[in-house]
Amino acid sequence: MDNFDKALSALRNGEVIAYPTEGVFGVGCDPDSPQAIEKLLKLKQRPIEKGLILIAASYQQLLPYIDESQLSAEQLQQVQKSWPGPVTWVMPCSDKVSDWVSGQYDSIAVRVSDHPLVQKMCNAFGKPLTSTSANLSGQPPCMTTEEVYQQLGSQLVAVLEGQTGGREKPSEIRDAKTSQVLRQG
């Protein structure tokens, strides 16, 4: 089994994997599995209230998780113009989204990635992945496969090996309703 198939198999079995994104390595799992998300939060030492980003290969993969009815055509157009790419948008979430993903919010942070390995994994998995930076709370995000193995290797079933997209920082986060920048990219 090659590295990609091992990571895909781990996802399907409710495990947490690490994978390269546009700027840093991310860790993620099945957004519809509370058990997998619980493993992820424990691994990251991250409080559930913070919520998680969903990363996808296409807007269609995100649609089940978004309540588009709360956004205008102009707001939706602005979001879609920035994708695929390193901009994460906070959008109203649908009833499908559990508190495990949204945290204390009635919204969800989503991104259509332009990273080829993220695209390949989400297409093979058939849906988005949760995405949070690959690091323990308080540590800098991992930038290379080697750093992931050093910091988190003993706690992960699989690491999707590859290069990040070369950006220096995590993605920019904006609010889809107000266009306000919540985190600089």
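Parameters and conventions
Residues numbered from 1 in each chain as written. Predicted model: local features only at pLDDT ≥ 70, side-chain atom pairs only at ≥ 80, totals over all residues. Heavy atoms only, no water. Core = buried A, V, L, I, M, F, W, Y, C linked by side-chain atoms within 4.5 Å. Buried < 20%, exposed > 50% of the residue type's maximum accessible area, 1.4 Å probe, protein only. Helix = DSSP H or I, 4+ residues; strand = E, 2+ residues; numbered from the N terminus. Contact = heavy atoms within 4.5 Å. Salt bridge = Lys/Arg side-chain N within 4 Å of Asp/Glu carboxyl O. Pairing = 2+ DSSP bridges.

### Here's the deal with the nonpolar core
Counting 38 residues, the largest nonpolar core has Val27, Trp83, Met91 and Leu156 as the members making the most contacts within it. Listing elements by their share of this core, those giving two or more residues are β2 (25-28), α2 (34-44), β3 (53-56), α3 (59-62), α4 (73-81), β4 (87-92), β5 (107-112) and α7 (145-152). Counting residues per element, this core draws most heavily on α2, which supplies five residues. Apart from the residues within four sequence positions on either side, methionine 91 is in contact with Tyr59, Ile66, Leu71, Leu76, Val79, Trp83, Ser107, Ile108, Val110 and Ala176. Among the nonpolar cores identified, the runner-up in size contains 16 residues, and Leu8, Ile17, Cys122 and Phe125 belong to it.

### Quick notes on the pattern of salt bridges
All chains considered together, the criterion is met by seven salt bridges. For aspartate 30, the salt bridge identified is with lysine 127, shortest N-O distance 2.9 Å. Highlighted residues: aspartate 30 in the loop between β2 and α2 and lysine 127 in the loop between α6 (116-125) and β6 (129-133), separated in sequence by 97 residues. Aspartate 30 gets classed as buried once you look at its relative accessible area, which sits at 13%. The partner of arginine 167 in a salt bridge is aspartate 114, and the shortest N-O contact between them spans 3.5 Å. Taken together, the residues span a long stretch of sequence, with arginine 167 in the loop between β7 (158-159) and β8 (172-175) and aspartate 114 in the loop between β5 and α6 at a distance of 53 residues. Judged by relative accessible area, arginine 167 falls into the partly exposed class, the value being 33%. A relative accessible area of 34% places aspartate 114 in the partly exposed class.

### Quick word on the pairing of β5
Within β5, six of the six residues are buried, which leaves it mostly tucked inside the rest of the structure. Pairing analysis gives four bridges linking β3 to β5, with the strands arranged parallel. Bridging across to β5, leucine 54 finds its partner in valine 110. Where β4 lies against β5, four bridges are found, and the strand directions are antiparallel. Bridged to tryptophan 89 within β5 is valine 110.

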